[in-house]
Amino acid sequence: MIMSEFWYYRESKEPEAKKFMENKPEPDYDLSYSIGERDFVNTGKASSEIKLALKRLGVDNTILRRVAIAVYEAEINVTAHSRGGNIIANIYDNCVHVVFKDNGPGMKDINQSMEPGFSTADEMIREMGFGAGLGLPNIKKNADVLHIESQEGANTFLELVIFYE
Amino acid sequence: MNLKKVIKALNGELLTKDVNIDIDVTCAFGSDLISDILHCTKEPTLLLTGLTNPQVIRLADMIDLFGIVFVRGKRPTDEIIKMAAKRDLPLILTKFTLYKTSGILYNSGLASCKI
Ligand SMILES: Nc1ncnc2c1ncn2[C@@H]1O[C@H](COP(=O)(O)OP(=O)(O)OP(=O)(O)O)[C@@H](O)[C@H]1O
Ligand SMILES: [Mg+2]
C-alpha cells in the first residue's frame, strides 16, 4: 500500500521525542530560509548557518555534524527534486527541530523513496554528484525524529528533530 | 602524511596559494557521490574527487576535510577556489585518475578513512 506519511523515531530517544512532538513548545528562536529550484550555487547555505548557530550554543561536534548532514541532505532534496520551498529551524536549548516545505511535485511513494539506492535524479543532478539515492536514508541515520508527508502532485513536508545529547 | 608530500606524490598543483599546507593528513576517501562522501564522519579526511561544483566546497562546512584533490585534471573555477580560500581549505589539482591517485597515496601509507 502506498502511504503518504512516514514516521521514524530513534528508539533510544523515543519517549522524550514523542513528548516533544506532541507538545511542540515555542522555540527559543527560529531561523528561516528560502530554497530556489535547482539553485545549486546557493543551496547548502542554510545548513551551514544552522550548524553555526548551534555551534555558538556550544553544541557538541558529533551532534553538529549529524545536524549538518541531515539538514543538508534535505535542503539538497528540495533544490534538486522540487520547485523550491523553505526551511525553518526551531532552536531549543536541548534540541533542534527543522521543517522543510516545498512547492511540489511530491513523491509517488515515500517508502520507495526511503529505500537506499532509489533515485529519480536526472542527468543534471547526477553530474553535480547527487542521485545515489542515499540522501533520505542518511537523514534517517542522523535524525532522532523524521516525519515526511508527501504524495504525487502535492507538496512535500519533511521535519526532523535532533537532540543535543 | 604531510600535505606537501601528497602534492609532490601526485605531481599536483596547489590551487589555493595562501592556504597553509603544512598539515598532517591521516586518511583519505575517494568518491564522486556527495551522499557517499557525507558518510565520512568519523575522522577528518582528505577528499579525492572528480566533482568540481560549489557543493563540493560546501561539504567542508558539513564534515571535516583536510583538503580536496581534484583528479583527472578537472580544474575548478576561480569562484570555487575563492570559496575554498575563505574556508582555509587547501585545493590540489592532479592529472591522475581517481584510481591512480588513490593507489599512489595508499602505497605511500595514507590510510583509507573509517566510515
Ligand atoms: N522534496 C522532494 N520532493 C519530491 N521528491 C523527493 C523529494 N525528496 C526526495 N524525493 C524523491 O526521493 C528520491 C530519493 O531521495 P534521496 O535523497 O534518498 O536520493 P537522491 O536525492 O535521489 O540522491 P542523493 O540524495 O543520494 O544525492 C529522490 O530521487 C526523489 O525521487
Ligand atoms: Mg537526496
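Now for a quick tour of the structure. (Residues numbered from 1 in each chain as written. Chains lettered and ligands numbered in written order. Predicted model: local features only at pLDDT ≥ 70, side-chain atom pairs only at ≥ 80, totals over all residues. Heavy atoms only, no water.)

Overview of the overall build of chain B
Here comes step 1: Helices and strands together make up the secondary structure of chain B, namely five helices and six strands.
Here comes step 2: Along its sequence from the N terminus, chain B presents helices and strands in the succession α-β-β-α-β-α-β-α-β-α-β.
Here comes step 3: Taking 115 residues into account, the globule formula puts the C-alpha radius of gyration at 13 Å, and chain B, at 12 Å, falls close to it.
Here comes step 4: Along the three orthogonal principal directions, the C-alpha set of chain B runs to about 35 × 30 × 25 Å.
Here comes step 5: Taken across its 115 residues, chain B has 51% of its residues classed as buried.
Here comes step 6: Across chain B, contacts joining residues at least 24 apart in sequence account for 53% of those joining residues at least 6 apart.
Here comes step 7: By element, 51% of the accessible surface of chain B is carried by carbon and sulfur atoms, the whole surface being about 5,400 Å².
Here comes step 8: Here chain B carries 15 positive and 12 negative side-chain charges, and the mean point of each set is 5 Å from the other. (Helix = DSSP H or I, 4+ residues; strand = E, 2+ residues; numbered from the N terminus. Rg over C-alpha atoms; globule rule 2.2 N^0.38 Å. Buried < 20%, exposed > 50% of the residue type's maximum accessible area, 1.4 Å probe, protein only. Contact = heavy atoms within 4.5 Å. Areas by Shrake-Rupley, 256 points an atom, 1.4 Å probe, with all protein chains shown as cover. Lys, Arg positive; Asp, Glu negative; His and termini not counted. Charge placed at Lys NZ, Arg CZ, Asp CG, Glu CD.)

Focus on the interface of chain B and chain A
How big an interface is tends to be expressed through the accessible area that disappears when the partners come together.
Here comes step 1: Listed per partner, the contact involves 16 residues of chain B and 24 residues of chain A.
Here comes step 2: Taken together, both faces of the contact between chain B and chain A bury some 1,800 Å²; the carbon and sulfur share is 56%.
Here comes step 3: The largest share of the area that chain B buries against chain A comes from Gln55, Arg58 and Met62 of chain B, three residues that together contribute 34% of it.
Here comes step 4: At the junction of chain B and chain A, the tally comes to one salt bridge. (Buried area = accessible area lost by both parts, 1.4 Å probe. Salt bridge = Lys/Arg side-chain N within 4 Å of Asp/Glu carboxyl O.)

Some words on the sheet that holds strand β2 (residues 27-30) of chain B
Residue and element names in this part refer to chain B.
Here comes step 1: Pairing within the open sheet is mixed, and its six strands lie in the order β1-β5-β4-β3-β2-β6. The open sheet has two edge strands with one neighbour each: β1 (13-14) and β6 (111-112).
Here comes step 2: Pairing of strand β4 (residues 65-70) with strand β5 (residues 91-93), which is carried by three bridges, proceeds in the parallel orientation. If you follow Val69 over to β5, its bridge partner there is Ile92.
Here comes step 3: On the sheet, helix α3 (residues 54-62) packs against β3 (45-49), β4 and β5 and is oriented at approximately 165° with respect to β4.
Here comes step 4: Set on the sheet, helix α5 (residues 98-107) makes contact with β2, β3 and β4; between it and β3 the angle comes to about 150°. (Pairing = 2+ DSSP bridges. Axes fitted to C-alpha atoms, helices over the stretch in contact; angles between N-to-C directions.)

As for the packing of aromatic side chains
Here comes step 1: Summed over all chains, the structure comprises three aromatic pairs over all chains.
Here comes step 2: Here Trp7 of chain A and Tyr9 of chain A contribute two aromatic rings whose centre-to-centre distance is 5.7 Å and whose plane-to-plane angle is 5°, an arrangement assigned as stacked.
Here comes step 3: Overall, Tyr9 of chain A belongs to the buried group, its relative accessible area being 18%.
Here comes step 4: Considering the side-chain rings of Phe40 of chain A and Phe130 of chain A, the 5.8 Å spacing of their centres and the 25° angle between planes classify their relative orientation as stacked. One end of the pair, Phe40 of chain A, is in the loop between β2 (29-35) and α2 (45-56); the other, Phe130 of chain A, is in the loop between α5 (123-127) and α6 (135-142), with 90 residues separating them in the sequence. We note that Phe40 of chain A, like Phe130 of chain A, is buried.
Here comes step 5: Above the face of the Tyr9 of chain A ring, Lys18 of chain A is positioned so that its terminal group lies 5.1 Å from the ring centre.
Here comes step 6: The positively charged end of Lys100 of chain B is found above the aromatic ring belonging to Phe96 of chain B, 4.5 Å away from the centroid. (Phe/Tyr/Trp six-rings, centres within 6.5 Å; stacked < 30°, edge-to-face > 60°. Lys NZ or Arg CZ within 6 Å of the ring centre and 35° of its normal.)

Remarks on the site of ligand 1
Here comes step 1: As a structural note, the neighbourhood of ligand 1 is formed by 20 residues, with His81, Ser119, Thr120 and Gly131 of chain A together with Ser35 of chain B the closest of them.
Here comes step 2: Mapping the residues near ligand 1 onto chains gives chains A and B.
Here comes step 3: Within the backbone of Leu134 of chain A, one N or O atom sits 2.8 Å away from an oxygen atom of ligand 1.
Here comes step 4: In the environment of ligand 1, an oxygen atom lies 3.1 Å from a nitrogen or oxygen atom belonging to the backbone of Gly135 of chain A.
Here comes step 5: When the free accessible area of ligand 1 is taken as 590 Å², the share hidden by the protein chains comes to 96%.
Here comes step 6: Going through the elements one at a time, α3 (61-81) and α6 of chain A are the ones with two or more residues in the shell around ligand 1.
Here comes step 7: Across the shell around ligand 1, the residue classes break down as seven nonpolar, 11 polar and two charged. (Near = heavy atom within 4 Å. Polar contact = N/O pair within 3.5 Å; in protein donor to acceptor, adjacent residues only side chain to side chain. Nonpolar A, V, L, I, M, F, W, Y, C, P; charged D, E, K, R; others polar.)

Some details on the sheet that holds strand β1 (residues 5-9) of chain A
Residue and element names in this part refer to chain A.
Here comes step 1: Sheet architecture is open: six strands sit in the order β1-β5-β6-β4-β3-β2, paired in antiparallel fashion. With one partner strand each, in any of the chains shown, β1 and β2 form the two edges of the open sheet. Sheet twist, expressed as the average angle between the axes of neighbouring strands with direction ignored, equals 10°.
Here comes step 2: Looking at chain direction, β1 and strand β5 (residues 145-149) are connected through five bridges and run antiparallel. Bridging across to β5, Phe6 finds its partner in Ile148.
Here comes step 3: Strand contacts of α3: β2, β3 (85-91), β4 (95-102) and β6 (157-163), with the helix running at about 175° to β6, the strand carrying the most contacts.

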